[in-house]
Amino acid sequence: MAAANMMHLNGFWGLVILALDLWALVSVVSSDRSTGSKVLWALLVILLPVLGFLVWLVAGPRAAARHG
């Protein structure tokens, strides 16, 4: 019973990570950065979903606009 509940919880967090990564990818593509920059950010988010999203959130193309 507990194992089934953990699987549902893992599935939920997987969906949350997927939604956040999709949001990051849409934001990267719609940014005004160069194509090369967009490709690098997209690869980072795709290849490292959790870490890539966190790095994008802190230092991504739009983070510079928020902090400066």
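Note: the structure precedes this text.
Residues numbered from 1 in each chain as written. Predicted model: local features only at pLDDT ≥ 70, side-chain atom pairs only at ≥ 80, totals over all residues. Heavy atoms only, no water.

**Observations regarding the overall build of the protein chain**
Then, in step 1: Of the regular secondary structure elements, the protein chain holds four helices and zero strands.
Then, in step 2: Going residue by residue from the N terminus, the α and β elements of the protein chain occur as α-α-α-α.
Then, in step 3: For the protein chain, with 68 residues in total, the buried portion stands at 21%.
Then, in step 4: For the protein chain, long-range pairs separated by at least 24 residues make up 48% of all intrachain contacts whose partners lie at least 6 apart in sequence.
Then, in step 5: Accessible area for the protein chain stands at about 5,000 Å²; split by element, carbon and sulfur atoms hold 77% of it. (Helix = DSSP H or I, 4+ residues; strand = E, 2+ residues; numbered from the N terminus. Buried < 20%, exposed > 50% of the residue type's maximum accessible area, 1.4 Å probe, protein only. Contact = heavy atoms within 4.5 Å. Areas by Shrake-Rupley, 256 points an atom, 1.4 Å probe, with all protein chains shown as cover.)

**Thoughts on helix α2 (residues 35–47)**
Then, in step 1: Helix length check: α2 (13 residues) gives 18 Å between terminal C-alpha atoms against 18 Å at 1.5 Å per residue, within 8%.
Then, in step 2: Those residues of α2 not exposed but buried are Trp41, Ala42 and Val45. Taken end-on, α2 shows its buried residues confined to a sector of 100°, consistent with a single buried face. Structural note: α2 exposes Leu40 and Leu47 on the side pointing more than 90 degrees away from its buried face. (Expected span 1.5 Å × (residues − 1). Arc of directions from axis to C-beta.)

**Concerning helix α3 (residues 49–59)**
Then, in step 1: All of the buried residues in α3 are Gly52, Phe53 and Trp56. Looking straight down α3, one finds its buried side chains confined to an arc of 100°; they lie on one side. Facing away from the buried surface of α3 by more than 90 degrees, the exposed residues are Leu51 and Val58.

**Some details on the nonpolar core**
Then, in step 1: Ala24, Val28, Trp41, Val45, Phe53 and Trp56 together form the largest nonpolar core, which totals six residues.
Then, in step 2: Listing elements by their share of this core, those giving two or more residues are α1 (2–30), α2 and α3.
Then, in step 3: The residues contacting alanine 24, other than those within four sequence positions of it, are Val45, Phe53 and Trp56. (Core = buried A, V, L, I, M, F, W, Y, C linked by side-chain atoms within 4.5 Å.)

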